[in-house]
Amino acid sequence: MSPDAIRSLDARWSSCWTPNEVARRLAGLGTPWYVAGGWALDLFRGRQTRPHADIEIAVPAAGFPEVRRRFPGHVFDAAGSGHIWEGAPPEALAAVHQTWLRDPATGNYLLDVFREPHDADTWVCRRDEAIRLPYGDIVHHTRDGIPYLAPELVLLFKAKHARAKDGADFEATVPHMAPAQRKTLAGLLARVHPGHPWASALHRPGPKAPVRCGRATGGTPDA
């Protein structure tokens, strides 16, 4: 991508969907799916806590064709490593895991779909393929049924780059996690990112009980 194209991405994502809109459009989908990234942490905490520049969901790679069929009037582009492959040709799908849903009328992006490794009904972590968990263990739901990735796994993925917003998400989310979730995240960080600076914060006292899953706002993100 050219520098100009990279700078234009924020505007092209400015009309992306909210979790409520995605759940409405994917209602009845046969393959497992869940909201990922920062939106997943907001769904866990029960409210939108900050603006989101995009929205990410994940599906097992074999289930992506079912998602693709849900949007016959839109186009999927593959994205990664500073490139966008319009129309997501097979060679691009094999090279990257992100797939951006584009409105052909406006050129704007509405949804980022991660195509994740899996073994049948078992989720496989793309950072360490030895980490394998049943989808039933990693997918949580809000009170109104929106699926989202367990916060300990969201934070594991955010730990790689640990940008300012990732650190803020970590600090804001960990106090609401149950002791077992904090313990799981500590173990995952030790395995995937040994010596990560977040590890020490996981030993701070947590709340007496985890926050119950609630409804996140359906308002349009600010970015």
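Residues numbered from 1 in each chain as written. Predicted model: local features only at pLDDT ≥ 70, side-chain atom pairs only at ≥ 80, totals over all residues. Heavy atoms only, no water.

Observations regarding the overall build of the protein chain
Turning to step 1, where the next piece is worked out: A count of helical and extended segments in the protein chain gives nine helices and eleven strands.
Turning to step 2, where the next piece is worked out: Sequence-distant contacts, at least 24 apart, represent 62% of the contacts inside the protein chain between residues at least 6 apart.
Turning to step 3, where the next piece is worked out: Accessible surface for the protein chain amounts to roughly 10,600 Å². Of this, 53% is attributable to carbon and sulfur atoms. (Helix = DSSP H or I, 4+ residues; strand = E, 2+ residues; numbered from the N terminus. Contact = heavy atoms within 4.5 Å. Areas by Shrake-Rupley, 256 points an atom, 1.4 Å probe, with all protein chains shown as cover.)

Side note on the pattern of salt bridges
Where charged atoms of side chains with opposite charge meet at close range, the side chains can pair.
Turning to step 1, where the next piece is worked out: Overall, the coordinates contain ten salt bridges when judged by the stated rule.
Turning to step 2, where the next piece is worked out: Between D128 and R191 there is a salt bridge; the shortest N-O distance is 2.6 Å. Placement of the pair is D128 in the loop between β8 (122-124) and β9 (132-134) and R191 in helix α9 (residues 179-192), with a sequence separation of 63 residues.
Turning to step 3, where the next piece is worked out: Residue D128 is classed as buried on the basis of its relative accessible area, which comes to 19%.
Turning to step 4, where the next piece is worked out: Between R163 and D166 there is a salt bridge whose closest N-O contact spans 2.7 Å.
Turning to step 5, where the next piece is worked out: Note on R163: relative accessible area 43%, which makes it partly exposed.
Turning to step 6, where the next piece is worked out: What emerges from the salt-bridge pattern is a single network uniting R50, K158, R163, D166 and D169. (Salt bridge = Lys/Arg side-chain N within 4 Å of Asp/Glu carboxyl O. Buried < 20%, exposed > 50% of the residue type's maximum accessible area, 1.4 Å probe, protein only.)

Details of the packing of aromatic side chains
Turning to step 1, where the next piece is worked out: In the structure shown here, the tally under the stated rule is eight aromatic pairs.
Turning to step 2, where the next piece is worked out: Judged by centre distance (5.0 Å) and plane angle (70°), the rings of W100 and Y109 are edge-to-face.
Turning to step 3, where the next piece is worked out: Its relative accessible area of 10% is what places W100 among the buried residues.
Turning to step 4, where the next piece is worked out: On the basis of relative accessibility, which here comes to 1%, the residue Y109 falls in the buried class.
Turning to step 5, where the next piece is worked out: Counting every residue linked through ring pairs, the aromatic cluster contains W17, F64, F71 and F76.
Turning to step 6, where the next piece is worked out: Here the basic side chain of R115 rests over the ring of F64, its NZ or CZ set 5.7 Å away from the ring centre. (Phe/Tyr/Trp six-rings, centres within 6.5 Å; stacked < 30°, edge-to-face > 60°. Lys NZ or Arg CZ within 6 Å of the ring centre and 35° of its normal.)

Details of helix α8 (residues 164-173)
Turning to step 1, where the next piece is worked out: Three or more residues of α8 are buried, namely D166, G167, D169, F170 and T173. Angularly, the buried residues of α8 cover 160° about the axis, an arc narrow enough to put them on a single face.
Turning to step 2, where the next piece is worked out: At its buried positions, α8 is contacted by α3 (37-45), α7 (151-158) and α9. (Arc of directions from axis to C-beta.)

Points about the nonpolar core
Turning to step 1, where the next piece is worked out: Grouped together as the largest cluster of nonpolar side chains are 62 residues, with contacts concentrated most on W33, Y34, V35 and W123.
Turning to step 2, where the next piece is worked out: Ignoring any residue separated from it by four or fewer positions in sequence, one finds V35 in contact with P19, A40, L43, E56, I57, I146, P147, Y148 and L149. (Core = buried A, V, L, I, M, F, W, Y, C linked by side-chain atoms within 4.5 Å.)

Considering the pairing of strand β2 (residues 56-60)
For a regular strand, side chains alternate in direction, first toward one face of the sheet and then toward the other.
Turning to step 1, where the next piece is worked out: When you tally the buried positions in β2, you get five out of five residues, the bulk of the element.
Turning to step 2, where the next piece is worked out: Across five bridges, the pairing between β2 and strand β6 (residues 109-116) is parallel. In the strand pairing of β6, I57 is matched with V113. (Pairing = 2+ DSSP bridges.)

Here we look at the side chain of N108
Turning to step 1, where the next piece is worked out: By secondary structure assignment, the location of N108 is in the loop between β5 (98-102) and β6.
Turning to step 2, where the next piece is worked out: Residue classification places N108 among the buried residues on the basis of a relative accessible area of 18%.
Turning to step 3, where the next piece is worked out: When residues no more than four places from it in sequence are discounted, the contact partners of N108 are A11, R12, S15, L101, R102 and D103.

Here we look at the confidence of the model for the protein chain
Turning to step 1, where the next piece is worked out: Per-chain confidence: the protein chain averages 90 in pLDDT, with 88% of residues scoring 70 or above.
Turning to step 2, where the next piece is worked out: Under a pLDDT of 50 for its full length, residues 207-223 has, in the predicted model, 47 contacts with residues more than four places off or in other chains. (pLDDT = per-residue confidence, 0-100.)

Section: the packing of α7 against α8
Turning to step 1, where the next piece is worked out: Axis separation between α7 and α8 bottoms out at 10 Å; the angle between their running directions is 155°. In terms of orientation, α7 and α8 fall into the roughly antiparallel class. For the pair α7 and α8, the crossing hand works out as left-handed. Of the residues in α8, those in contact with P151, L155 and K158 of α7 are D166, D169, F170 and T173.
Turning to step 2, where the next piece is worked out: By residue class, the composition of the contact of α7 with α8 is three nonpolar, one polar and three charged. (Axes fitted to C-alpha atoms, helices over the stretch in contact; angles between N-to-C directions. Parallel < 35°, antiparallel > 145°, perpendicular 65-115°, else oblique. Left-handed = near helix turned anticlockwise from the far one by under 90°. Nonpolar A, V, L, I, M, F, W, Y, C, P; charged D, E, K, R; others polar.)

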